[in-house]
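Structural description and commentary
The residues making up each chain are set out below.
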Amino acid sequence: MARVKLEHVTKRYDDGEGGVVAVDDMNLDIEDGEFVCLVGPSGCGKSTTMETIAGLTQPTEGTVYIGDRDVTRLPPKDRGVAMVFQNIALFPHMDVYDNISFGLRLRDFPQDEIDRRVEHAADIVQLEGMLDRMPDEMSGGQRQRVAIARAIVREPDVFLMDEPLANLDAKLRVHMRTELQRLHKELDTTIIYVTHDQAEAMTMSDRIAVIDSGELQQIAPPLVCYNQPANLFVAGFIGSPSMNFVEGTVDENGVETEHFHVEFDPATIDELGVGDQVTMGVRPENVHPSIETDEISHPSAPISAETDVLEPMGDEIFAYLLMGEGETSMAQETASSDQLLMSIDPDSPIEEGQEIDVVLDREKIHLFHAATGDALTHNLVAPASGGATDTRAETDD
Ligand code: ADP
């Protein structure tokens, strides 16, 4: 087990035109035994960050610590890390036992120690009874478990996993997520896990490190990233479907947008100035038909809209709403100030093309600085407000 620390790590690749900054002044402090996901869109620098920890690439600047050791210049084999990658490279002509034990045999471990470790690892990944199978007799999920067992037998201080589930089908991926969580509990070892899939990161990690353009945007527990995103990027990346964003201007008692006004309690956002440009963010589940206003304690004033497209998902319906004169069908497109996405009950009677009044839950509205994207506040209602009029029930499911 070990703590992993990156101090001001920058990785620049020379592309002949001034260079690509793959990782930009990254500071990360991962606790001993923590499960941290590095998440972000393709090309944001997740794998490069991981490779600097693994020792597969040298940072241009900065220091990498594993435990108390500065490992920045150490080769991968001396770092106490084991890696699992997306592409599972098993030896096709070796059975499971030989695949798992290959590295140990190479390093001349005594046979009884090899047996002990392989049995223990096979037990953890639930491959007992399959040790004499050949890789082509196994499913994708089983092969991935062999790859994980091969990492476990090394008894590393840190597991580094780079999109290990990306090649599995959707159902197996969900199953393997729970397996990895169980594995983490059993081994109690630091796991650093790269994924572009925010759902994977949300469900597995103790903390998520959200990366964009080589820069760390936020590192926090999943629900903190969800409920208190540090900036517009995190707000838009975490959560599916994505948060609604509407441009607005701060006035004396709230935020004015093109199609509606939302009141706020001045005590919550003292730092804002009248006339400031902001981006308002609200998640689809925090937009409600106004007839359901009873369910929330601090609704905004009603907003007139028209339902454009309805997407029934089974357990909920996504309703794409148009405000004002929005003339085109905009489902699936990036949000503009003319549209809102609302999540509603599956048995809601709402139909496509219907005029509807909706409200926003002011307790769940986020405001971001329009120019920098930094979060300004995550709640337009003062924390101790309401009292006698606060009828809120804990209805979130
Ligand atoms: P991610 O894992 O988030 O998809 P990467 O870390 O693989 O992102 O890449 C980050 C950036 O660095 C990308 O712009 C990528 O093109 C660039 N990059 C990665 N590896 C190299 C390399 N060996 N040479 C040049 N550029 C690279």
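Above: the structure in question.
Quick notes on the rules
Residues numbered from 1 in each chain as written. Predicted model: local features only at pLDDT ≥ 70, side-chain atom pairs only at ≥ 80, totals over all residues. Heavy atoms only, no water. Buried < 20%, exposed > 50% of the residue type's maximum accessible area, 1.4 Å probe, protein only. Helix = DSSP H or I, 4+ residues; strand = E, 2+ residues; numbered from the N terminus. Pairing = 2+ DSSP bridges. 1 Å grid on protein atoms, 1.4 Å probe; cavity = no way out; pocket = protein on both sides within 12 Å on 5 of 7 lines; lining within 4 Å. Points joined across faces, edges and corners; volume = space filled by probe spheres on them. Nonpolar A, V, L, I, M, F, W, Y, C, P; charged D, E, K, R; others polar. Phe/Tyr/Trp six-rings, centres within 6.5 Å; stacked < 30°, edge-to-face > 60°. Salt bridge = Lys/Arg side-chain N within 4 Å of Asp/Glu carboxyl O. Axes fitted to C-alpha atoms, helices over the stretch in contact; angles between N-to-C directions. Parallel < 35°, antiparallel > 145°, perpendicular 65-115°, else oblique. Left-handed = near helix turned anticlockwise from the far one by under 90°. Contact = heavy atoms within 4.5 Å.

**Examining the pairing of strand β9 (residues 207–212)**
In terms of residue burial, β9 counts as a mostly covered element, since five of its six residues are buried. Bridge count for strand β3 (residues 35–39) against β9 is four bridges, and the pairing is parallel. In the strand pairing of β9, Val36 is matched with Arg207. Bridge count between β9 and strand β10 (residues 215–220): five bridges; the pairing is antiparallel. In the sheet register, Val210 faces β10, and the bridge partner there is Gln218. Between β9 and the antiparallel strand that follows it, β10, lie two residues; Ser213 among them carries a positive phi value of about 50 degrees.

**A short note on unusual backbone geometry**
Looking along the chain, the bond that leaves Ser240 and enters Pro241 is cis, with omega of -5 degrees. Note on placement: Pro241 falls in the loop between α8 (232–237) and β11 (244–251). Located in the positive-phi region is His8, a residue other than glycine, with phi close to 50 degrees. With respect to the helices and strands, the residue His8 is situated in strand β1 (residues 4–13). A positive phi angle, near 60 degrees, is found at Asp108, a position not held by glycine. Relative to the helices and strands, Asp108 resides in the loop between α2 (96–106) and α3 (111–124).

**What to know about empty space enclosed by the protein**
The tally for this structure, following the rule as stated, stands at one cavity of 30 Å³ or more. In this structure, the largest cavity occupies an estimated 50 Å³ of space. Lining the largest cavity, in full, are Ile124, Val125, Arg145, Ile148, Met176, Glu179, Leu180, Arg182 and Leu183. At the level of elements, α4 (140–152) and α5 (170–187) are the ones that each hand at least two residues to the lining of the largest cavity. Counting residues per element, the lining of the largest cavity draws most heavily on α5, at five residues. Here the residues of the lining of the largest cavity are counted per class, giving six nonpolar, no polar and three charged.

**Re the packing of aromatic side chains**
For the structure shown, the criterion picks out four aromatic pairs. Ring centres of Phe35 and Tyr193 lie 5.9 Å apart, and the angle between their planes is 45 degrees; on these two criteria the pair is classed as tilted. A residue pair is termed long-range when its members are at least 10 positions apart, and Phe35 in strand β3 and Tyr193 in strand β8 (residues 190–195) qualify at 158 residues. Its relative accessible area of 0% is what places Tyr193 among the buried residues.

**A word on the pattern of salt bridges**
In total, this model carries twelve salt bridges according to the counting rule given. Among the ionic pairs, Glu155 bridges to Arg116, the shortest N-O distance being 3.2 Å. Separated by 39 residues along the polypeptide, Glu155 in the loop between α4 and β7 (158–162) and Arg116 in helix α3 bring together distant segments of the chain. Given a relative accessible area of 42%, Arg116 falls into the partly exposed group. It is possible to trace a salt-bridge network through shared partners that takes in Glu113, Arg116, Arg117 and Glu155.

**Here's the deal with the packing of α4 against α5**
Where α4 contacts α5, the axes come no closer than 11 Å and their chain directions differ by 20 degrees. One finds that α4 runs roughly parallel with respect to α5. Two packed elements cross with a definite hand, and for α4 against α5 that hand is right-handed. Mapping the contact onto sequence places Gly140, Gly141, Gln144, Arg145, Ile148 and Ile152 in α4 and Leu172, Met176, Glu179, Leu180, Leu183 and Leu187 in α5. For the contact of α4 with α5, the per-class residue count stands at seven nonpolar, three polar and two charged.

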